[in-house]
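Observations on chain architecture
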Amino acid sequence: MMLHVPDVLSPDQVREMRAALDATHWVDGRETVGDQGAQVKRNRQLPESSPVSRELGATILAALSRHALFFSAALPARFVPPLFNRYEGGEHYGVHVDGSVRAVPGSSQQLRTDLSCTLFLSDPEDYDGGELEVIDTYGSHEVKLPAGDLILYPASSLHRVHPVTRGARVCSFFWLQSMVRSDAQRGMLFELDQTIQKLRARLGECEETVALTGHYHNLLRLWAEV
Ligand SMILES: O=C(O)CCC(=O)C(=O)O
Ligand SMILES: [Fe+2]
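Residues numbered from 1 in each chain as written. Chains lettered and ligands numbered in written order. Predicted model: local features only at pLDDT ≥ 70, side-chain atom pairs only at ≥ 80, totals over all residues. Heavy atoms only, no water.

**With respect to the UniProt feature "binding site: Fe cation" (unreviewed entry) in the protein chain**
Threshold: UniProt positions are given in the numbering used here, feature names are shortened, and annotations may be inferred rather than shown by experiment. Numbering goes from the N terminus for both helices and strands, where a helix is a DSSP run of H or I of at least four residues and a strand is a run of E of at least two. For each residue, the accessible area found with a 1.4 Å probe, counting protein chains only, is set against the maximum for its type, and the residue is called buried under 20%, exposed over 50%, and partly exposed in between.
The feature "binding site: Fe cation" (unreviewed entry), as given by UniProt, occupies H96, D98 and H159 in the numbering adopted here. Spatially, the listed residues are clustered: although they cover 64 residues, their C-alpha atoms lie within 8.7 Å of one another. Within the secondary structure, H96 sits in strand β7 (residues 92–96). Owing to a relative accessible area of 3%, H96 belongs among the buried residues under this scheme.

Structural data, given as structure tokens:
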């Protein structure tokens, strides 16, 4: 499932992040990727250990922990700390697949990458190109969102970032392990949860919404790994 998650960051938060990011030191993005990715990757990133990266990453994870739509869709168990990338002057990232297991820096932990996230920190008017193209069984989807919005997509998909031919595309990107490993099961839980919320808004809490909420939690209990 691919999902557009709006308003993860406020315009003020985006402005503050951009000021910090535009003033800091960037490195070649090939430093943080395996052999397959390195062959097709042309961009810049903040070093994983950079204090700016850690501080802004923590702000992003705090914002996501309060975002009900994101929680409902991702059912996150653990995150890789957010990273930051920048593409300009024709930079791009060719078709690749993200690694399935990633170390969590500064710990002995590893996590399974179930979902990938890109959080846009540049507005679409500020650059040309730079679409994130995600290729799945239904074809390919090109994504370019307002600053502050996030796209959630299965980490198993092939994807690429088109060349940026004007301006700069600045984003945060990261991976998470979900409590529910299967994309199909997670997608069904998301639809059920969203439908229960619509019913509750229309009817108020009633016997049926309570019964369906119980059904949702019993499925989550069956499928969640915590
Ligand atoms: O910048 C993006 O939207 C995605 C970046 C990406 O695919 C990666 O770094 O693996
Ligand atoms: Fe990727």
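**Looking at the sheet that holds strand β13 (residues 139–143)**
Strands belonging to one sheet form pairs held by backbone hydrogen bonds; the direction of such a pair is parallel or antiparallel. Quick reminder of the rule: Two strands qualify as a pair provided DSSP detects at least 2 bridges between them.
With antiparallel pairing, the five strands of this open sheet are ordered in space as β3-β7-β15-β12-β13. Both edges of this open sheet fall to β3 (41–42) and β13, since each of them pairs with a single strand only. Pairing of strand β12 (residues 132–136) with β13, which is carried by five bridges, proceeds in the antiparallel orientation. Within β13, the residue paired with I135 across the bridge is S140.

**Some details on the coordination of the iron ion (ligand 2)**
Where we set the bar: Note that water is not among the atoms considered, so a metal site may appear incomplete; the donors listed are N, O and S atoms within 2.8 Å of the metal, with 3.2 Å applied to Na, K and Ca.
Ligation of the iron ion (ligand 2) by protein atoms is provided by H96 (NE2), D98 (OD) and H159 (NE2), these donors lying 2.1 Å from the ion. Within one chain, the residues serving as donors to the iron ion (ligand 2) are arranged as H-x1-D-x60-H.

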